[in-house]
Amino acid sequence: MDLGVRWTLHGDGRTPAPGAVVRPDERLSWPRTVGLGAQHVVAMFGASFVAPVLMGLDPNLAIMMSGVATVVFLLATRGRVPSYLGCSLSFVGVAAVIRAQGGSSATVTGAVFVVGVALFLVGLAVQRFGARIIHAVMPPIVTGAVVMLIGFNLAPVTAATYWPQDQWTALLVMLFTGLAVVCLRGFWSRIAIFLGLVFGYGVSWAFDRIFGRIHSVDASGKLTDHWRLDLSAVGKADWIGLPDLHAPSFQWSAVLVALPVVIALVAENAGHVKAVGEMTGDPVDDKLGTAISADGIGSMLSTAVGGPPNTTYSENIGVMAATRVYSTAAYWAAAGFALLFGLCPKFGAVVAAIPGGVLGGITVILYGMIGLLGAQIWINAKVDLRNPLNLVPAAAGIIIGVGNVTMKFTDTFSLSGIALGTLVVITGYHALRAFAPAHLKTQQPLLDEGTSTYDEAAQHAKT
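Throughout this description, residue numbers start from 1 for each chain and increase along the sequence as written. Where local features are concerned, this predicted model is filtered to residues with pLDDT of at least 70; where side-chain atom pairs are given and counted, the filter is 80 or more; whole-chain, interface and lining totals use all residues. Working from all heavy atoms in the structure, the side-chain values ignore hydrogens and water.

- By the naming in an unreviewed UniProt entry, the protein chain is Uracil-xanthine permease family protein, taken from Streptomyces bullii.
- What UniProt records for the protein chain under Subcellular location (unreviewed entry) is the sentence "Membrane".
- UniProt positions are given in the numbering used here, feature names are shortened, and annotations may be inferred rather than shown by experiment. Per UniProt, the protein chain carries the Sequence similarities (unreviewed entry) text "Belongs to the nucleobase:cation symporter-2 (NCS2) (TC 2.A.40) family."

Quick look at the structure:
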């Protein structure tokens, strides 16, 4: 059985020829491949260790399990879809809602474990019935609206939790990160979040030396005098050790809050598989269902031991585009580095010490970018918001999700925010479509051109 772990040497193993690319089944020399693997780790660091911190989970475990999930993904796709699986930011809002309802870390990981199961089943369905099943249930108007409300639902977290801890540091970090995203080129622009974190550490350290302690709310919400950057736990942490593991706990109320994120994860995977196929010149639409299922398995493995869920990372796809090296051998090296970092508690202590003001500046941009990915889905699919069939369910769902509107059904069961907004978008769209006049249903087909080739019927129709 070909598991995609055999690579031929590309050229002399040093530098690709002008215009040439290193294909997934090729590699450069092992020292260069390992170096590229380290570069991929740096690219995923910014989001992959910020996400578990924002979710209240162990960043060491998150990094380690991202390596495990990447290995599972590469084996499942037989090395045809080079991609790194890092901690998904789509669940940050879900974790905040579950914790606000009194849920623990075990409750968060239990809810997300169920999402991993659902994602795995969606992948199996795509393998069996084709991509049309995704687009029939979740056309671009629905997918874009759900991604948007998931991102914008996080705005109160930044405004109430992180920004007040140190508003001036937050402002400087926001400005620096924005400049890094816009002004830097190539690889450096891909790690702008990481650079923003490093800059924020430096600013916090300098402000502590210049101005002393700050009088503001701390991470627990208490108004105190405290240091912006407290590295006391770093000195006490061991260099080598296992991260904190815990079993998930399952509560239906938490599961219902988390399930809508399946839509965002399916959209991410479909987009990333399409992008990888276009870059490598090897159509991999037939691997879409496998990729989605593998993502689900990786998330289940991570959350089963107390880690966060994972998804394919656009940051690493960007690194491939910049280097034109698509070798899966580099991702195996990256997964190895992630496993090693996960076994270093001192590294986790450094991550856990990220000042609240720094997170405030980062999340202002990060959460907004998540939300605006929904708008990007609409733009790419040419969704017509002048059509009331699209406009009404999206408008209602987004306001419910962003405003955290609550619908109480019984004394013990209610839906609110992300869960209720998603339900309104999906059921509202399909219900309105069932009763809408014919002229409102004649918009462009629901299938995205990049993934429609996965349907054999679509292929035959074109020929």
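Describing the overall build of the protein chain
And step 1. Check the secondary structure of the protein chain and you find 22 helices and 8 strands.
And step 2. Three labels apply to residues, based on accessible area from a 1.4 Å probe with only protein chains included: buried if under 20% of the type maximum, exposed if over 50%, partly exposed otherwise in between. A buried classification covers 53% of the 463 residues belonging to the protein chain.
And step 3. Relative to all contacts within the protein chain whose residues are 6 or more apart in sequence, the contacts with residues 24 or more apart total 78%.
And step 4. For the accessible areas, the method is Shrake-Rupley and the probe is 1.4 Å, while residue cover comes only from the protein chains on display. With the model as given, the accessible surface of the protein chain reaches about 20100 Å², and the carbon-plus-sulfur share is 66%. The helix and strand labels rest on DSSP assignments: H or I over at least four residues marks a helix, E over at least two residues marks a strand, and numbering proceeds from the N terminus. Any two residues whose heavy atoms approach within 4.5 Å are treated as being in contact.

Points about the confidence of the model for the protein chain
The predicted coordinates ought not to be read in detail in places where the model reports low pLDDT.
And step 1. What pLDDT reports is the predictor's confidence in each residue, on a scale of 0 through 100. Confidence along the protein chain averages 81 in pLDDT terms, with 90% of residues attaining 70 or more.
And step 2. Residue range residues 444-463 is modelled with pLDDT below 50. Its contacts to residues more than four positions away, or to other chains, number 37 contacts.

Some details on a nonpolar patch on the surface
And step 1. Note on patches: the residues involved have over 30% relative accessible area and no salt bridge, like charges join within 9 Å, and the nonpolar side chains Val, Leu, Ile, Met, Phe, Trp and Tyr join within 5 Å. What makes a salt bridge here is a side-chain nitrogen of Lys or Arg within 4 Å of a carboxyl oxygen of Asp or Glu, nothing more. A surface patch of nonpolar side chains, about 310 Å² in accessible area, is lined by L385, L391, V392 and L432.
And step 2. With respect to the helices, strands and loops of the structure, V392 is situated in helix α19 (residues 388-403).
And step 3. We classify V392 as partly exposed; its relative accessible area is 45%.

Thoughts on the packing of helix α6 (residues 140-152) against helix α20 (residues 417-435)
Axis angle and axis distance: for two packed helices, these are the angle between their axes and the distance between the axes, and together they describe the pair.
And step 1. Axis definition: a line fit to C-alpha positions, over the contact stretch in the case of helices; interaxial angles, taken between N-to-C directions, run 0 to 180 degrees. At a minimum axis separation of 10 Å, α6 and α20 run at an interaxial angle of 165°. Taken together, α6 and α20 sit at an angle that is classed as roughly antiparallel. Judged by the twist between their axes, the crossing of α6 over α20 is right-handed. Between α6, through I141, V142, A145, V146, L149 and I150, and α20, the contact on the second element is made entirely by I418, G421, T422, V425, I426 and Y429. Our angle categories are set so that under 35 degrees counts as roughly parallel, over 145 as roughly antiparallel, 65 to 115 as roughly perpendicular, and the remainder as oblique. Each crossing is labelled by how the near helix is turned from the far one, with a counterclockwise turn of less than a right angle marking it left-handed and a clockwise turn marking it right-handed.

Digging into the environment of N153
And step 1. Note that N153 resides in the loop between α6 and α7 (155-162).
And step 2. A residue is classified by how much of its surface remains accessible, and N153, at 8% relative accessible area, is buried.
And step 3. Beyond its immediate sequence surroundings of up to four residues, N153 is in contact with G93, V97, G401, V402, N404, G417 and I418.

Notes on the side chain of D58
And step 1. Within the secondary structure layout, D58 lies in the loop between α1 (30-55) and α2 (59-76).
And step 2. Residues counted as positive are Lys and Arg, residues counted as negative are Asp and Glu, and His and the chain ends are not counted. Buried charge D58 goes without a salt bridge, the closest partner of opposite sign being R99 at 11 Å.
And step 3. Within the local environment of D58, its side chain forms a polar contact with the backbone nitrogen of D244, the two atoms lying 3.0 Å apart.
And step 4. Those residues in contact with D58, other than ones at most four positions away along the chain, are P52, P243 and D244. We call two N or O atoms a polar contact when they sit within 3.5 Å, provided that within protein one can donate a hydrogen and the other can accept it, with sequence-adjacent residues counted only if both atoms are side-chain atoms.

Notes on α7
And step 1. Residues of α7 that are buried: V157, T158 and Y162. Each buried residue of α7 lies within a common arc of 95° when the element is viewed along its axis, so the set occupies one face. Across from the buried face of α7, at angles greater than 90 degrees, the exposed residues are A159 and A160. What the arc describes is the spread of directions from the helix axis to the C-beta atoms.

Some thoughts on the pattern of salt bridges
And step 1. A full pass over the atoms with the stated rule returns 4 salt bridges.
And step 2. Put simply, D166 and R228 hold a salt bridge, and the shortest N to O gap is 3.2 Å. One end of the pair, D166, is in the loop between α7 and α8 (167-183); the other, R228, is in the loop between β5 (223-226) and α11 (232-236), and 62 residues separate them in sequence. Across the pair, exposure class does not vary: D166 and R228 are buried alike.
And step 3. Between R228 and D208 there is a salt bridge, with the nearest N and O atoms lying 3.1 Å from each other. One end of the pair, R228, is in the loop between β5 and α11; the other, D208, is in helix α10 (residues 192-211), and 20 residues separate them in sequence.
And step 4. Assessed through its relative accessible area of 3%, D208 is described here as buried.
And step 5. In this structure, a network of salt bridges that share partners links the residues D166, D208 and R228.

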